[in-house]
Amino acid sequence: MPTAATSRLPRPSARTALVAAVAALVAVTATACSTSSPSGSKASGGASDAGGHGSGKAIQVVAAENFWGSIAAQLGGDHVHVTSVIANPDADPHDYEPTAADARAVAGAQYAIVNGVGYDTWADKLLAANPGSGRAELKVGDLVGVKPGGNPHRWYAPADVHKVIDKITEDYKKAAPADAAYFDQRKKDFESKDLATYNKLISDIKGKYQGTPIGASESIVTPLAEGLGLKMLTPETFLDAMSEGTDPTAKDKAAIDDQIKNKQIKIYVYNSQNSTPDVQAQVKEAKDAGIPVATVTETLAPADATFQQWQTGQLQGIEQALAKATGR
């Protein structure tokens, strides 16, 4: 994923680095998860401590992306060790090229979390290269019923986030039955305390601004808009093209220009980590037209933020933009 000042390049169909990583994976014995990798990050804890120390040995977890890794770490506390492969805000999860260290982390994992829906196919290949002995795997797209070709950005769908929380807790309890009470308490604290502001913002925005028309730079915003009850006016073909790194059509760009010029949208939301010249032009047009602009990012920003810190900041920005646009 490029920084805000650059544009995402078209995604290549083949990656030589993946071949090297898979080769390294085959050579690795699944004995223990690496503590970290140059491209990834390790995490533990985060939610209010449930107390107690169960069986003692931490479950080794690998998450393809740090937004799922953050949740997994907080649900597991000191009873898990989580390595997130994608942890650098400048890395594009779509195009990521796995390293040998990533392969070792996957080989040693007892539990793996991938997004699926075509978002992180490199992770699927790493897992397939070495099935592991007794490793449990969670593919988020399959869990929430989103088929290939659907919108893969499920961490922006509040209802799906809660489904993932339920599933991770269930899988932890299966992996360490003696620690079931600990994991249940972690989940309770995470949902009622750590996600309290996140949940309230979603409820407040939906209650106050439901049906408000908005525009966006790419399909990453769509699940969030649906969760907030906002009406997405940007053509889906434009949103998909920007997310996939392909050129939008002149017709779609003209439609968005017209929506901005005639103020058919109340706010414009864009991914600041994928700010292409087309997006930059739309942001300028929106600002010039007096339409408030809000930003989101594809992965945790800053990289050491928790899932809820990241999402809460973005939701507050959207809420402020909606309030400015509507006077409510």
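Everything here concerns the structure above.
Residues numbered from 1 in each chain as written. Predicted model: local features only at pLDDT ≥ 70, side-chain atom pairs only at ≥ 80, totals over all residues. Heavy atoms only, no water.

Draft legend 1. Looking closely at the overall build of the chain. A count of helices and strands for the chain gives 13 helices and nine strands. Classification of the 328 residues of the chain by burial places 54% in the buried group. For the chain, the computed accessible surface area is about 13600 Å², with 52% contributed by carbon and sulfur atoms. (Helix = DSSP H or I, 4+ residues; strand = E, 2+ residues; numbered from the N terminus. Buried < 20%, exposed > 50% of the residue type's maximum accessible area, 1.4 Å probe, protein only. Areas by Shrake-Rupley, 256 points an atom, 1.4 Å probe, with all protein chains shown as cover.)

Draft legend 2. How the structure looks around the environment of Gly-116. Along the chain, Gly-116 turns up in the loop between β4 (111–114) and α4 (121–129). A sequence separation of 30 residues divides Gly-116 from Val-146, and the C-alpha atoms of the two residues are 9.0 Å apart. Ignoring sequence-local partners within four residues, the contact set of Gly-116 consists of Lys-139 and Pro-152. (Contact = heavy atoms within 4.5 Å.)

Draft legend 3. Just the nonpolar core, in detail. Within the largest apolar cluster, 57 residues are counted, with the highest numbers of intra-cluster contacts made by Ile-71, Ile-113, Trp-155, Ile-168, Tyr-172 and Phe-307. Ranked by size, the runner-up nonpolar core spans 16 residues in total, among them Val-85, Ala-91, Ala-112 and Leu-126. (Core = buried A, V, L, I, M, F, W, Y, C linked by side-chain atoms within 4.5 Å.)

Draft legend 4. The arrangement of the sheet that holds strand β8 (residues 267–271) in detail. Overall, parallel pairing links the four strands, which are arranged β7-β6-β8-β9 in an open sheet. Among the strands making up the open sheet, the edge pair consists of β7 (231–232) and β9 (293–296). Sheet topology note: the strand β6 (residues 213–216)/β7 ladder contains two bridges and is parallel. Bridge assignment links Ile-214 to a residue of β7, and that residue is Met-232. The strands touched by helix α13 (residues 307–326) within the sheet are β8 and β9, with β9 carrying the most contacts at an inclination of about 165 degrees. (Pairing = 2+ DSSP bridges. Axes fitted to C-alpha atoms, helices over the stretch in contact; angles between N-to-C directions.)

Draft legend 5. Structural view of unusual backbone geometry. Cis peptide bonds are those with omega within 30 degrees of zero, and the linkage from Ala-301 to Pro-302 qualifies with 0 degrees. Mapping Pro-302 onto the fold places it in the loop between β9 and α13. Even without being glycine, Val-117 reaches a positive phi, approximately 60 degrees. A residue is classified by how much of its surface remains accessible, and Val-117, at 13% relative accessible area, is buried.

Draft legend 6. Representation of the packing of helix α2 (residues 66–76) against helix α6 (residues 158–175). Remark: α2 packs on α6, axes separated minimally by 10 Å, with the N-to-C direction vectors making an angle of 50 degrees. As summarised for this structure, α2 and α6 are arranged oblique, according to the angle between their axes. Seen from above, α2 lies across α6 with right-handed handedness. Facing α2, whose interface residues are Trp-68, Ile-71, Ala-72, Leu-75 and Gly-76, α6 presents Val-161, Val-164, Ile-165, Ile-168, Thr-169 and Tyr-172. (Parallel < 35°, antiparallel > 145°, perpendicular 65-115°, else oblique. Left-handed = near helix turned anticlockwise from the far one by under 90°.)

Draft legend 7. Seen up close, the pattern of salt bridges. Per the stated rule, a full pass over the model turns up 13 salt bridges. Its salt-bridge partner being Asp-160, residue Arg-154 comes within 2.8 Å of it at the nearest N-O pair. Accessibility expressed as a relative area gives 7% for Asp-160, which makes it buried. The partner of Asp-171 in a salt bridge is Lys-167, with the nearest N and O atoms 3.3 Å apart. Taken as a pair, Asp-171 and Lys-167 lie in helix α6 at a separation of four residues, close to a single helical turn. (Salt bridge = Lys/Arg side-chain N within 4 Å of Asp/Glu carboxyl O.)

Draft legend 8. Here's a closer look at the packing of aromatic side chains. Within the structure shown, the criterion is met by 12 aromatic pairs. Seen in terms of ring centroids, Phe-67 and Trp-68 are 5.8 Å apart; in terms of plane orientation they differ by 75 degrees. Their pairing is edge-to-face. The exposure classification of Phe-67 matches that of Trp-68, with both residues buried. Through a chain of ring-to-ring contacts, three or more aromatic side chains come together here, namely Phe-67, Trp-68, Tyr-119, Trp-155, Tyr-156, Tyr-198, Phe-307 and Trp-310. (Phe/Tyr/Trp six-rings, centres within 6.5 Å; stacked < 30°, edge-to-face > 60°.)

Draft legend 9. Region of interest: the environment of Ala-58. Here Ala-58 is to be found in the loop between β1 (41–43) and β2 (59–65). Considered as a pair, Ala-58 and His-81 are 23 residues apart in the sequence and their alpha carbons are 6.0 Å apart. Every residue in contact with Ala-58, bar those within four places of it in the chain, is listed here: Asp-78, His-79, Val-80, His-81 and Gln-110.

Draft legend 10. Molecular detail of helix α10 (residues 236–244). Among the residues of α10, Phe-238, Leu-239, Ala-241, Met-242 and Ser-243 are the ones counted as buried. Turning to α10, the residues buried within the fold contact β6, α9 (222–228), β7, α11 (250–261) and α12 (277–288). Gly-245 sits one or two residues past α10 and shows a positive phi near 75 degrees.

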